[in-house]
Amino acid sequence: SAKRQASTRAAVGAVACRAFDASAQPGVTPPLGFFDPAGICKDVSETEFKRLRSCELRHGRAAMMGAAGLLAQSVYKLPYYENVPSGLAAQWTEPGANSLWLIFGLIGCLEIGLCPWKEDPEDPGNYGDPLNLGKGSISLDMRNKELNNGRFAMFAW
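Just so it is clear, the model here is predicted, and its values are computed rather than measured. (Residues numbered from 1 in each chain as written. Predicted model: local features only at pLDDT ≥ 70, side-chain atom pairs only at ≥ 80, totals over all residues. Heavy atoms only, no water.)

Colleague: Is there a simple way to explain empty space enclosed by the protein in this structure?
Modeller: Remark: the empty space left among the atoms is shown by a probe the size of a water molecule rolled over them. In this structure the tally under the stated criterion is one cavity of 30 Å³ or more. Taken as a whole, the largest cavity encloses approximately 40 Å³ of empty space. Lining of the largest cavity is provided by Glu56, Leu57, Gly60, Arg61, Met64, Glu146, Leu147, Gly150 and Arg151. Elements that contribute at least two residues to the lining of the largest cavity include exactly helix H2 (46-73) and helix H4 (140-156). If one sorts the elements of the lining of the largest cavity by residue count, H2 sits on top with five residues. The residue inventory of the lining of the largest cavity, partitioned by class, reads three nonpolar, two polar and four charged. (1 Å grid on protein atoms, 1.4 Å probe; cavity = no way out; pocket = protein on both sides within 12 Å on 5 of 7 lines; lining within 4 Å. Points joined across faces, edges and corners; volume = space filled by probe spheres on them. Helix = DSSP H or I, 4+ residues; strand = E, 2+ residues; numbered from the N terminus. Nonpolar A, V, L, I, M, F, W, Y, C, P; charged D, E, K, R; others polar.)

And the structure:
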């Protein structure tokens, strides 16, 4: 009747609105599916999710470089670092301890934005491809591999 017609008119003028679905973003792969063990992405906005994804990518990349560095130092020693022990003990001996502070300073500068590369705000983790390694575009498969390898490396630490 009249009440039904009023609700139908209101529904016709309504705009369909979809909430942001973080589980539909790159990085959702088997066997884990949507990887959010702490529930951090529950009810976040798209802007906040992009910020969190950017942090995840940066920290994953740093963890992958750190894991590669731990493996490389057991095989190859830089000049003047021949007497520095391999593994995590390197951070407690000279000159390894001084180098650790240098690395922390460099990471701090990159974190506060003092770097020559600027991230695309619409595409988290995309700093461009200055060496053209992606041959123009980076596939969804490569994005998934980077996210999952970064997550694995973060667990390794």
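Colleague: Before we go on, may I ask you to explain the pattern of salt bridges in this structure?
Modeller: Where charged atoms of side chains with opposite charge meet at close range, the side chains can pair. Summed over the entire model, instances satisfying the criterion amount to six salt bridges. In this structure, the salt-bridge partner of Arg53 is Glu56, at a minimum N-O distance of 3.0 Å. Here Glu56 and Arg53 lie together in helix H2, a separation of three residues that amounts to about one turn. The exposure class of Arg53 is buried, given its relative accessible area of 9%. Residue classification places Glu56 among the buried residues on the basis of a relative accessible area of 19%. Close ionic contact of Glu56 with Arg151 constitutes a salt bridge, the shortest N to O distance being 2.6 Å. Here the residue Glu56 occupies a position in helix H2, and Arg151 occupies one in helix H4, the gap between them amounting to 95 residues. Overlapping salt bridges bring together Arg53, Glu56 and Arg151 as one network. (Salt bridge = Lys/Arg side-chain N within 4 Å of Asp/Glu carboxyl O. Buried < 20%, exposed > 50% of the residue type's maximum accessible area, 1.4 Å probe, protein only.)

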